[in-house]
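Structure at a glance
Residue strings, one per chain:
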Amino acid sequence: MRVDVVTLFPEFLQALAGLGVIGRAIADGKIELKAWNPREYASDRHRSVDDRPYGGGPGMVMTVEPLRSAIRAARDADPRPARTSLMSPQGRRLDQQAMRDLAKRGRLLLVCGRYEGIDERLIELEVDEEFSIGDYVISGGELAAAVVIDAVARLQPGVLGDEQSAEQDSFMDGLLDHPHYSRPEVENGQAVPEVLLSGDHAAIERWRRKQALGRTWLRRPELLQVERLTEEDRILLQAFQQEFETEREASGETRN
Ligand code: 9D3
């Protein structure tokens, strides 16, 4: 996959390209990442990329021309068609399914805004879609683009180990993770759940599934579509709920 990013801060992308999962994917040639700086396409003596907003108000607005030239240069750098995606708080909120859809594309063209905003005419003229990473304010599109690049890189064939990617399709989809434990067996008086030491792999898998279902029910009930669970999942969840209720009653009698 090829990813072109239009940004006033290309160093930000360069930093990302050297780290962790993405760094390895780039080193292995599975992701090709290139930054395009609108400042290099500004035609005036001061290389300006922003100006004051018509109608007044605080802050500056990114002007059309340098952005348009940078976007077109990025688009023309590869013969394959690319949708132009603006990272924006007004965009469609991304989730794992959206990342899977993006990961299937041969290339991405991500545009990052800075300042108060971007001249609307640039958006009308050049942008095909807008993406947000969530309902909070960050200072510009670069961090959001980095989130997309990381999530999409993990989904490229061969970027993660086979084991992990297989798990991702079935399990990570829609459920929270189960708890994890490592050595020592007892830490601070807290023991590792006995089943994890049993060597009974089927029982361990059942316990993990039960924990994943139970935690999703407790922490993110909106993710749990009970009607889509298997019969075995429903039984595991019921057992978790029963144990949870029993514990709540036991501690309630001492605390209340
Ligand atoms: C406080 C400024 N806001 C006034 C209502 C407008 C505003 C301008 C620019 C808010 C954020 C930004 C910069 N953010 C992004 O470019 C951005 C973003 C985000 O802030 N949240 C979630 N996803 C994204 S994607 C790009």
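A brief report on the enclosed structure follows.

Our next topic: the sheet that holds strand S2 (residues 32-36). Here 5 strands make up an open sheet; going across it, the order is S2-S1-S6-S5-S8 and the pairing parallel. Of all the strands in the sheet, the pair left with one neighbour each is S2 and strand S8 (129-132). Each adjacent strand pair in this sheet contributes to an overall mean axis angle of 35 degrees, direction not counted. Alignment of strand S5 (residues 84-93) against S8, held across 5 bridges, turns out to be parallel. Note on S8: the bridge partner recorded for Met87 is Phe131. Relative to the sheet, helix H6 (residues 141-154) contacts strand S1 (2-6), S2, S5 and strand S6 (107-112), its axis offset from that of S6 by approximately 160 degrees.

The step from Arg183 to Pro184 runs through a cis peptide bond, and the omega angle for that step is 0 degrees. Here Pro184 lies in the loop between helix H7 (162-172) and strand S9 (186-187). Of note, Arg47 is a non-glycine position whose phi angle comes to about 55 degrees, a positive value. Within the secondary structure layout, Arg47 lies in the loop between S2 and strand S3 (50-51). A relative accessible area of 40% places Arg47 in the partly exposed class. Despite not being glycine, Tyr115 shows a phi value in the positive range, around 60 degrees. Relative to the elements of secondary structure, Tyr115 occurs in the loop between S6 and strand S7 (117-118).

Take the nonpolar core next. In terms of nonpolar packing, the biggest core is built from 29 residues, with Val3, Leu110, Val148 and Ile149 touching the most fellow members. Only S1, helix H1 (10-17), helix H2 (20-27), helix H4 (96-103), S6 and H6 provide two or more residues apiece to this core. Element by element, the count of residues in this core is highest for H6, at 8 residues. Excluding residues that lie within four positions of it along the chain, Val148 makes contacts with Met87, Leu94, Met99, Leu102, Leu108 and Leu110. Formed by 18 residues, the second largest nonpolar core is a distinct cluster that contains Val6, Val49, Ile118 and Val127.

The geometry of H4 relative to H6 is characterised by a closest axis approach of 9 Å and an angle of 75 degrees between their N-to-C directions. Considering their axes alone, H4 and H6 lie roughly perpendicular with respect to each other. The segment H4 lies against H6, with Met99, Leu102 and Ala103 engaging Val147, Val148, Ala151 and Val152. Class assignment for the residues of the contact of H4 with H6 results in 7 nonpolar, no polar and no charged.

Below, the discussion takes up the sheet that holds S3. Within a sheet, each strand pairs with its neighbour through backbone hydrogen bonds, oriented either parallel or antiparallel. Taken in spatial order, the 3 strands make up an open sheet running S3-S4-S7, and their pairing is mixed. One side of each edge strand has no neighbouring strand; the edge strands of this open sheet are S3 and S7. Two elements, strand S4 (residues 61-62) and S7, share 2 bridges in a ladder whose sense is parallel. Of the residues in S7, the one forming a bridge with Val61 is Gly117.

Definitions and cut-offs
- Residues numbered from 1 in each chain as written.
- Predicted model: local features only at pLDDT ≥ 70, side-chain atom pairs only at ≥ 80, totals over all residues.
- Heavy atoms only, no water.
- Pairing = 2+ DSSP bridges.
- Helix = DSSP H or I, 4+ residues; strand = E, 2+ residues; numbered from the N terminus.
- Axes fitted to C-alpha atoms, helices over the stretch in contact; angles between N-to-C directions.
- Contact = heavy atoms within 4.5 Å.
- Buried < 20%, exposed > 50% of the residue type's maximum accessible area, 1.4 Å probe, protein only.
- Core = buried A, V, L, I, M, F, W, Y, C linked by side-chain atoms within 4.5 Å.
- Parallel < 35°, antiparallel > 145°, perpendicular 65-115°, else oblique.
- Nonpolar A, V, L, I, M, F, W, Y, C, P; charged D, E, K, R; others polar.

As far as function goes, none of this settles anything; it's purely spatial.
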